[in-house]
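Letter by letter, the chains look like this.
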Amino acid sequence: AQTVTQSQPEMSVQEAETVTLSCTYDTSESDYYLFWYKQPPSRQMILVIRQEAYKQQNATENRFSVNFQKAAKSFSLKISDSQLGDAAMYFCAYRSEGTNAGKSTFGDGTTLTVKP
Amino acid sequence: NAGVMQNPRHLVRRRGQEARLRCSPMKGHSHVYWYRQLPEEGLKFMVYLQKENIIDESGMPKERFSAEFPKEGPSILRIQQVVRGDSAAYFCASSPRTGNYGYTFGSGTRLTVV
């Protein structure tokens, strides 16, 4: 079974600065997908960014980018120019491609605080 | 596009009662997933359904919990004879298919068992 580990329960960043959230995963599969989701205090889960394992190029969505290291099974999220609205809990998630495709496995989350 | 609709938003039940949580997936999405989130914890997979079929229920407790996604109508997560340990936020998500499609989540149902 796949596992997802987020080793930083809490992180903080100064507004306008850059922060990196860590995520590692364990899998024996070669094809899969990785995601970062954001859960603000409203509790609404929002997809932030996705990465296909077969792509070497790191995904980027505006101020959000990932550092995907397939060999190391690492998938970190970088938030540039942090804004107050980025404060939330961030979840890393893994989704299979093969026979067990469908469900996603989530990490336990990292709570990000943005200081003005 | 209304997104994923979950209701009720909050549900209070006494121990021993039944809880029914509803989820209408996003238009065009045929895959539905239920997750449970305990306070200050991550999301734990419960069940994955497509229309009229349970695809994966490996995360669902064997007793008291059941889920369905009928041909017509919303997906239902049913918890019979609730206990205090069932108190949690239950999230429904949908996707158009598997693969690199991320989930669209509902706002969740917070179940409190008193």
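Before any of the text, the structure's been laid out above.
Note that this is a predicted model, so its numbers are computed, not measured.

Caption draft 1: Structural detail: the state of the cysteines. Overall, the coordinates contain 2 disulfides over all chains when judged by the stated rule. Between the sulfur atoms of Cys23(A) and its disulfide partner Cys92(A) the distance amounts to 2.0 Å. Negative torsions about the S-S bond denote left-handed disulfides, and the value of about -70° found for Cys23(A) with Cys92(A) makes this one left-handed. Residue Cys23(A) is found in the loop between strand E3 (19–21) and strand E4 (24–26), and its partner Cys92(A) is found in strand E10 (residues 88–96); the two are separated by 69 residues along the sequence. Note that Cys23(B) is cross-linked by a disulfide to Cys92(B), the S-S spacing being 1.8 Å.

Caption draft 2: Structural detail: the interface of chain B and chain A. On the side of chain A, 23 residues touch chain B, which itself brings 30 residues to the contact. For the pair chain B and chain A, the two sides together bury roughly 2,000 Å², of which 46% comes from carbon and sulfur. Inspection of the chain B/chain A interface yields 2 salt bridges. The salt bridge involving Asp108(A) is made with Lys44(B); its shortest N-O contact spans 3.2 Å. Connecting chain B to chain A are 13 residue pairs in polar contact (both at pLDDT 80 or more). Listed by contribution, the elements that provide at least two residues to the side of chain B that touches chain A are strand E4 (31–37), strand E5 (43–50), strand E9 (88–95) and strand E11 (109–113) of chain B. If one sorts the elements of the side of chain B that touches chain A by residue count, E5(B) sits on top with 4 residues.

Caption draft 3: Quick look at the pattern of salt bridges. Residues and elements named next belong to chain B. On inspection of all chains with the given rule, the structure shows 8 salt bridges over all chains. Among the salt bridges present, the one from arginine 20 reaches glutamate 18, with a minimum N-O distance of 2.9 Å. Look at arginine 20 and you get partly exposed, because its relative accessible area is 36%. The structure contains a network of salt bridges with shared partners spanning Glu18, Arg20 and Arg78.

Caption draft 4: Region of interest: the sheet that holds strand E8 (residues 75–79) of chain B. Residue and element names in this part refer to chain B. The strand order across the open sheet formed by 4 strands is E1-E3-E8-E7, and the pairing between neighbours is antiparallel. Where the open sheet ends on each side, the last strands, each with one partner, are strand E1 (5–7) and strand E7 (65–68). Strand after strand, the sheet turns through a mean of 15° between neighbouring axes, direction not considered. Pairing of E7 with E8, which is carried by 4 bridges, proceeds in the antiparallel orientation. For phenylalanine 65, the partnering residue across the bridge sits in E8 and is isoleucine 79.

About the thresholds
Residues numbered from 1 in each chain as written. Chains lettered and ligands numbered in written order. Predicted model: local features only at pLDDT ≥ 70, side-chain atom pairs only at ≥ 80, totals over all residues. Heavy atoms only, no water. Disulfide = S-S within 2.5 Å. Helix = DSSP H or I, 4+ residues; strand = E, 2+ residues; numbered from the N terminus. Contact = heavy atoms within 4.5 Å. Buried area = accessible area lost by both parts, 1.4 Å probe. Salt bridge = Lys/Arg side-chain N within 4 Å of Asp/Glu carboxyl O. Polar contact = N/O pair within 3.5 Å; in protein donor to acceptor, adjacent residues only side chain to side chain. Buried < 20%, exposed > 50% of the residue type's maximum accessible area, 1.4 Å probe, protein only. Pairing = 2+ DSSP bridges. Axes fitted to C-alpha atoms, helices over the stretch in contact; angles between N-to-C directions.

None of the figures reported here should be taken as evidence of function without further support.
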